[in-house]
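Next come the chains, spelled out residue by residue.
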Amino acid sequence: MSELIKVSGSDEPGQAGDIVFVHGLDGDARSTWRPIGHVGPAWPEWLGEAMPDVGVWLLGYEVPSSAWRGHTMPLADRATNVLALLDTEGLGARPLVFVAHSLGGLLVKQLLRHGRDYGDPGWRRVADQTKGVVFLSTPHSGSDIANWVKHLGLVLRNTVSVKELEANDPRLRELNTWFRNNLQVAGLRAQVYCEKVPLH
């Protein structure tokens, strides 16, 4: 089940656009965007205060790495699920930007592709109104960690989401190629950030 949580913004016609924060593997809509143990306002709330004419949203969905902690669905199915939710909530009527962490970046790319390819007018509106994507530590071609975790699969009971994250997975490579080839056609801007310095 996916949910869309409104952090700030109004429903006035003059609203300039919407920003949707999308968490990744083992994350959730709220805790992904704040330091561990932090209870006060965090990045989405600060953004809402700084940009009152923009709607700020959190997308929540189940995506555990282990079946011991819950269930997930394949990336392609989750993308159609999220597109339907965004369309139902009226997103796509104004310019849209996604801020995506980890697997969330892959989800955004997949939903943009489905939005362009599936022929649903509401989904196409979401794709067409998307003007930018910020990728935070997104494994565009998969992750070596997922390959390592695969070997512990019987003990950890890996979910389909871990399997789809394996390094050099052909579907992820193909999705990444599609996204790069369609950036300019769609008029999209992308920013990519990753950690290069270990944190202590």
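Going by the structure above, here's the rest.
These remarks concern the structure in this document. As the structure is a computational prediction, the values presented were derived from the model and not from experiment.

On to the packing of helix α2 (residues 75–88) against helix α3 (residues 103–117). In contact at an axis separation of 8 Å, α2 and α3 are set at 70° when each is read in the N-to-C sense. When the axis of α2 is compared with that of α3, the two are roughly perpendicular. Here α2 contributes L75, A76, R78, A79, T80, V82, L83 and L86 to the contact with α3, which in turn contributes L106, L107, Q110, L111, H114 and G115. Among the residues making up the contact of α2 with α3, the classes are represented as nine nonpolar, four polar and one charged.

Next up on the list: the sheet that holds strand β4 (residues 96–101). The strand order across the open sheet built from six strands is β1-β3-β2-β4-β5-β6, with neighbouring strands paired in mixed fashion. The open sheet terminates on both sides in strands that have one partner only, identified here as β1 (2–8) and β6 (189–193). For this sheet, the mean angle separating the axes of adjacent strands, direction not counted, is 20°. Where strand β2 (residues 17–22) and β4 come together, five bridges link them in parallel fashion. Within β4, the position partnered with V20 by the bridge is F98. Packing against the sheet, helix α4 (residues 121–129) makes contact with β4 and β5 (130–136), and its axis sits at approximately 70° to β5.

As a further point, take the nonpolar core. If you look at the biggest cluster of nonpolar residues, it comprises 35 residues, and the most contacted ones within it are V20, V22, L59, F98, L111 and L112. Ignoring any residue separated from it by four or fewer positions in sequence, one finds V20 in contact with L4, W57, L59, L91, L96, V97, F98 and V99. Among the nonpolar cores identified, the runner-up in size contains eleven residues, and I19, F21, A29 and L136 belong to it.

Restricting attention to buried positions, one finds in α4 the residues G122, W123, V126 and A127. Relative to the axis of α4, the buried residues are bounded by an arc of 140° and lie together on one face. Its buried side turned inward, α4 meets α2, β4, α3 and β5. Where α4 begins, one side-chain oxygen reaches toward the backbone nitrogen of G122, 2.9 Å away; that side chain belongs to D120.

This brings us to the packing of α2 against α4. Running from N to C, α2 and α4 cross one another at 90°; their axes reach a closest spacing of 9 Å. Comparing the axis directions of α2 and α4 gives the class roughly perpendicular. Judged by residue contacts, T80, L83, A84, L86 and D87 of α2 engage G122, W123, R125 and V126 from α4. Residues that form the contact of α2 with α4 fall into these classes: five nonpolar, two polar and two charged.

Scanning the model with the defined rule gives five aromatic pairs in all. Centre to centre, the rings of F21 and W33 are 5.0 Å apart; their planes meet at 70°, and the pair counts as edge-to-face. Taken as a pair, F21 in strand β2 and W33 in the loop between β2 and α1 (43–50) lie far apart in primary sequence, twelve residues in all. Here the two residues F21 and W33 agree in accessibility, since each one is buried. Their ring planes at 80° and their centres at 5.2 Å tell us that F21 and W43 sit as a pair that is edge-to-face. Here W43 lies in helix α1 and F21 lies in strand β2, a separation of 22 residues in the sequence. What links up through ring pairs into an aromatic cluster is the set F21, W33 and W43. Geometry around F135 places K109 over its ring, the cationic atom sitting 5.9 Å from the centre.

About the cut-offs
- Residues numbered from 1 in each chain as written.
- Predicted model: local features only at pLDDT ≥ 70, side-chain atom pairs only at ≥ 80, totals over all residues.
- Heavy atoms only, no water.
- Axes fitted to C-alpha atoms, helices over the stretch in contact; angles between N-to-C directions.
- Helix = DSSP H or I, 4+ residues; strand = E, 2+ residues; numbered from the N terminus.
- Parallel < 35°, antiparallel > 145°, perpendicular 65-115°, else oblique.
- Contact = heavy atoms within 4.5 Å.
- Nonpolar A, V, L, I, M, F, W, Y, C, P; charged D, E, K, R; others polar.
- Pairing = 2+ DSSP bridges.
- Core = buried A, V, L, I, M, F, W, Y, C linked by side-chain atoms within 4.5 Å.
- Buried < 20%, exposed > 50% of the residue type's maximum accessible area, 1.4 Å probe, protein only.
- Arc of directions from axis to C-beta.
- Polar contact = N/O pair within 3.5 Å; in protein donor to acceptor, adjacent residues only side chain to side chain.
- Phe/Tyr/Trp six-rings, centres within 6.5 Å; stacked < 30°, edge-to-face > 60°.
- Lys NZ or Arg CZ within 6 Å of the ring centre and 35° of its normal.

In short, shape yes, function no, at least from these values alone.
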